[in-house]
Every structure is written in C-alpha cells, then in structure tokens.
Amino acid sequence: MVTLASRIKVSKPVKLLGVISFLFMIWILYSYRIIDKENLLNESELGSEINDENVVTTPKPDLKVVKVDVYYECLCPDSRYFVLHELLPTFEKVGSMMDIHLWPYGKATTTVTEKGYEFSCQHGEQECIGNIYHACVEKIVEDMTKKLELIKCMISDNYEPENIAKKCASEGGIDFDEIRICASGSEGKLLHFQAGLKTEALHPKVSFIPTIEIDDSQNSQKAILKNFLKEVCEAYSSQYLTPSEKLAHCP
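Counting from 1, residues in each chain are numbered in the order their sequence is written. Per-residue local features are limited, in this predicted model, to residues with pLDDT of at least 70; the limit for side-chain atom pairs, both in listing and counting, is 80 or more; totals at the level of whole chains, interfaces and linings are taken over all residues. Excluding hydrogens and water, the side-chain figures rest on all heavy atoms present in the structure.

**Student:** Which residues make up the side chain of Lys-147, and what values do they have?
**Tutor:** Tracing the sequence through the fold places Lys-147 in helix 4 (residues 144–155). For this analysis, a polar contact is any N or O atom pair within 3.5 Å, provided that within protein one partner can donate a hydrogen and the other can accept it, and provided that sequence-adjacent residues contribute only side-chain to side-chain pairs. At 3.4 Å, the side chain of Lys-147 and the backbone oxygen of Val-141 are in polar contact. Whether two residues touch is decided by their heavy atoms; if any such pair falls within 4.5 Å, the residues are in contact. Ignoring any residue separated from it by four or fewer positions in sequence, one finds Lys-147 in contact with Leu-102, Val-137, Glu-138 and Val-141. Numbering of helices and strands runs from the N terminus; a helix is a DSSP stretch of H or I covering at least four residues, while a strand is a stretch of E covering at least two.

Structure follows, in structure tokens:
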C-alpha cells in the first residue's frame, strides 16, 4: 500500500525536474536573443564601414559644368574654323567648367547592310574615314586636353585621315595603334553609326554644320558660332553664380 508520505517522496523529484527544465528553457531563449542582437549589431557596424568606405573611394563628381555637344564633320571648313577658333580657345580659358562631347558625322547618311554599315559623307569617302578616326579618338583618348589637341591637329589637314592621325598621335605622345585598330575595324564603323543616330535625333533637325548644343539646347546658333566663350560663360553663370559673381576668364 502506498502511503501519503511515499507519494510526496515520489513527486518531489518530478517537481524539481520540471523547475530545472523550465529554467533551462528560459536560459536558451535569453541566450538566443543576445546572439541575435549581437548579429544585428555586427551587420549594422559592417554596413556603416561599407558606407564610409564608399564615401572615401567614390567621391561625388563636381557637377558644376556646362555640357557641350559638337556635331561636325572633319572636312567641313566651318567645322574646322569652329574647332580651331572657338572650341579650342574657349577650352584653354574655361575648360574645367565644360563637359565636351564630339559627334563627327555631319550631313552623312548610313546604309545598314548584311556586312555592317556603309556611309556616304558630304565631302566624300575620305571624310567618312576621317570622321571614323575622330570618333575613335573621342572614345579612346580620355584626357580632354590631349583629345582636343589631337582633334585640332587632325582637322587642320584631314585629307589623308590615317596619315594625319598617325602623325598627330605621335606628336601628342598618344598610342596610335589602338586608334588605328578601332578606325579600321567594325568598332569605328559602329561609333560613326552611333554619331549619326545622335545627330539625326537633334531637334530642331540639323540644317547647318557644325551645330552646337549647350546643355542639350541649340539656343542661338549664330551667337554660339560667333562667340562660343561668351555663350558658355552665360550658361554657366545663369546656373551656378549669383548676379554679383563673375568668372575670371569670361567676357
């Protein structure tokens, strides 16, 4: 016969085991919450380190520039005059405040064939070849000063495109082989085709070469072609300067 005392003796270990199990479960849950918080903290710290690193290694560029797009063709006398007497002198004075893009195509036309692209240019086949060399220089030469000096040298006498490109590249300390490979292959034709797409997308449509855009606007072409420096300075001043401020090299 089981007495009341023996039943009490049997139940004490059971109760003790239950209490221990309950405390163990609480400890597990508490430990899990601590680990989870530590993981979140570590992830947060890692994210802040990545953000700090991005700030250091990828600084924001200076966006205070005037965007200039030059639509031209290499054997056009008016294009040559603009490059030599307006674009280059303006760059020498206020080059740091311009973002220049060159589109050598002009009034050419493109035919897409099974073999690629065929071009017909306003001043003949040599102009198409010259335009392609200019397009390759635009893509390959990253330093704007060297790029414009090379363009200036080439456009001064562009009737033998490969020879003048080789001569001008040598004088400027620029690798000609990379430019030649581009101009003589499919890459050069693709770049000329893309310049054509950009030119044909202009609004209003091209009626005169060169056509110049300042901040995606053609504004008064007569004023731009006559005094490019003045127009660039006015565009920059209207965006970034107060009425009392004046740029050092601007008229």
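**Student:** Outline the packing of helix 4 against helix 5 (residues 161–172), supporting the account with residue identities and numerical values.
**Tutor:** Contact geometry of helix 4 with helix 5 gives a least axis separation of 9 Å together with a crossing angle of 140°. Considered as vectors, helix 4 and helix 5 are oriented oblique to each other. Of the two elements, helix 4 crosses helix 5, and the hand of that crossing is right-handed. Between helix 4, through Leu-150, Cys-153 and Met-154, and helix 5, the contact on the second element is made entirely by Ile-164, Ala-165, Cys-168, Ala-169 and Glu-171. Under the scheme applied, nonpolar residues are Ala, Val, Leu, Ile, Met, Phe, Trp, Tyr, Cys and Pro; charged residues are Asp, Glu, Lys and Arg; polar residues are all the others, including Gly. Among the residues making up the contact of helix 4 with helix 5, the classes are represented as seven nonpolar, no polar and one charged. Structural elements are reduced to axes, namely lines fitted to C-alpha atoms, with helices fitted over the stretch in contact, and the angle between N-to-C directions of any two is expressed from 0 to 180 degrees. For classification purposes, angles smaller than 35 degrees are called roughly parallel, those larger than 145 roughly antiparallel, those between 65 and 115 roughly perpendicular, and all remaining angles oblique. Note on convention: near helix rotated counterclockwise from far helix by under a right angle means a left-handed crossing. Clockwise means right-handed.

**Student:** A description of the sheet that holds strand 1 (residues 66–72) should follow, citing residues and the corresponding values.
**Tutor:** Taken in spatial order, the three strands make up an open sheet running 2-1-5, and their pairing is mixed. Edge strands, defined here as strands with exactly one partner in the open sheet, are strand 2 (98–104) and strand 5 (211–214). Strand-to-strand twist across the sheet, computed as the mean angle between neighbouring axes with direction ignored, equals 15°. Here, strands pair whenever DSSP counts at least two bridges between them. One ladder, built from seven bridges, connects strand 1 with strand 2; its direction is parallel. For Val-70, the partnering residue across the bridge sits in strand 2 and is Leu-102. Packing of helix 4 onto the sheet brings it into contact with strand 1 and strand 2, and relative to strand 2 it is tilted by some 35°. Helix-sheet contacts for helix 7 (residues 186–200) involve strand 1 and strand 2, and the interaxial angle to strand 2 is about 110°.

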